Amino acid sequence: MSTMLYINLTQVFVPLYLHETLGMAASALAKIPLVIYLGSLGTSFVVGTLNKYLGRKVAYLMGALIGIMGCGWIYLRSHVPTFTLYEIYIVAVLFGAASSIVLVTNLGVTTDAIGDKTGSGAFVYGIMCFTDKLSNGIAVFVIQDCHKTFPNTEYYGHVLTFVCGSALLLGSMGVISLSICRTSKPNYTLVSE
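A quick note: this is a predicted structure, and the numbers were derived from the prediction, not measured.

Participant: For this particular structure, what's the right way to read the overall build of the protein chain?
Facilitator: Each helix and strand in the protein chain was counted, giving 6 helices and 0 strands. The principal-axis extents of the C-alpha atoms in the protein chain amount to approximately 75 × 35 × 25 Å. In the protein chain, the share of contacts with a sequence separation of at least 24, taken over all contacts with a separation of at least 6, comes to 78%. Accessible surface for the protein chain amounts to roughly 11,000 Å². Of this, 71% is attributable to carbon and sulfur atoms. Averaging the coordinates of the 10 positive side-chain charges in the protein chain and doing the same for the 8 negative ones gives two points 7 Å apart.

As structure tokens, this is what we get:
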């Protein structure tokens, strides 16, 4: 759920950030999302290799770190004059790369969690999709409602920084907790008398 929250919220709020916070030209509203998708496409070719050599959980954490770097870059550098000229494109590539890595890896981690219990796979994916759609709808509603209450030119930058970054942190904690649960499972052996 948190993975899809990050991906969908960046898709929704990047254009608003470009328009309302940065005041960029209308052409940027098309270029920056295109760069995000191209970054995602380019990264999708190496996600399989990352998963193969690093493992899914480490690859997810790498993708989350890349996304958090993009969120932090917005927070720290959006006031610099060169940000709208060059740096926003680097941030867009980071967002696209992070989206690709965490999405593909998230689906793999979910498949690993299902394991050989394929009868419950449809239920797991169904619940995952339901919570994804529900959380995204609620998040967008709350974020837009708060914008009416707290009008601020930096608002959408803070949304991309703190809400999207928090979603990645939540997803990372979930992946780490899966690792802890798997390694701390007791090993029971049957002893024959």
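Now, onward.
Participant: Where do I start with the nonpolar core in this structure?
Facilitator: Taken as a class, soluble globular proteins show a tendency for nonpolar side chains to be buried jointly. Of all hydrophobic cores here, the largest spans 43 residues; its most connected members are Y6, Y17, L18, I32, I88 and F95. Elements supplying a minimum of two residues to this core: α1 (2–21), α2 (28–54), α3 (56–77), α4 (87–114), α5 (121–149) and α6 (155–183). With near-sequence residues (within four places) excluded, I32 lies in contact with V14, L18, I88, Y89 and A92.

Participant: Can you walk me through empty space enclosed by the protein in this structure?
Facilitator: Over the atoms rolls a probe the size of a water molecule, and in doing so it shows where empty space is left. Inspection of the entire model under this criterion finds 1 cavity of 30 Å³ or more. Size it by volume and the largest cavity reaches roughly 30 Å³. In terms of lining, the largest cavity is formed by V14, Y17, I32, I36, I74, I88, V91, A92 and F95. It is α4 that provides the largest number of residues to the lining of the largest cavity, a total of 4 residues. Of the residues that constitute the lining of the largest cavity, the class distribution is 9 nonpolar, no polar and no charged.

Participant: Where do I start with the layout of surface pockets in this structure?
Facilitator: Reported here for the largest pocket is a volume of approximately 270 Å³. Lining the largest pocket are 14 residues, and of these M1, S2, N106, G171 and G174 lie nearest its centre. Among the secondary structure elements, those contributing two or more residues to the lining of the largest pocket are α1, α4 and α6. Top element by residues in the lining of the largest pocket is α6. It accounts for 5 residues. Here the lining of the largest pocket is built from residues that sort into 8 nonpolar, 6 polar and no charged.

Participant: What's the story with the pattern of salt bridges in this structure? I'm lost.
Facilitator: Where side chains of opposite charge bring their charged atoms close, a pairing between them can arise. Enumeration over the complete set of coordinates arrives at 2 salt bridges. For D132, the salt bridge identified is with K133, shortest N-O distance 3.0 Å. Under the relative-accessibility criterion, D132 is labelled buried at 4%. Residue K133 is classed as exposed on the basis of its relative accessible area of 56%.

Parameters at a glance
- Residues numbered from 1 in each chain as written.
- Predicted model: local features only at pLDDT ≥ 70, side-chain atom pairs only at ≥ 80, totals over all residues.
- Heavy atoms only, no water.
- Helix = DSSP H or I, 4+ residues; strand = E, 2+ residues; numbered from the N terminus.
- Contact = heavy atoms within 4.5 Å.
- Areas by Shrake-Rupley, 256 points an atom, 1.4 Å probe, with all protein chains shown as cover.
- Lys, Arg positive; Asp, Glu negative; His and termini not counted.
- Charge placed at Lys NZ, Arg CZ, Asp CG, Glu CD.
- Core = buried A, V, L, I, M, F, W, Y, C linked by side-chain atoms within 4.5 Å.
- Buried < 20%, exposed > 50% of the residue type's maximum accessible area, 1.4 Å probe, protein only.
- 1 Å grid on protein atoms, 1.4 Å probe; cavity = no way out; pocket = protein on both sides within 12 Å on 5 of 7 lines; lining within 4 Å.
- Points joined across faces, edges and corners; volume = space filled by probe spheres on them.
- Nonpolar A, V, L, I, M, F, W, Y, C, P; charged D, E, K, R; others polar.
- Salt bridge = Lys/Arg side-chain N within 4 Å of Asp/Glu carboxyl O.

Just distances and angles here, no functional claims.
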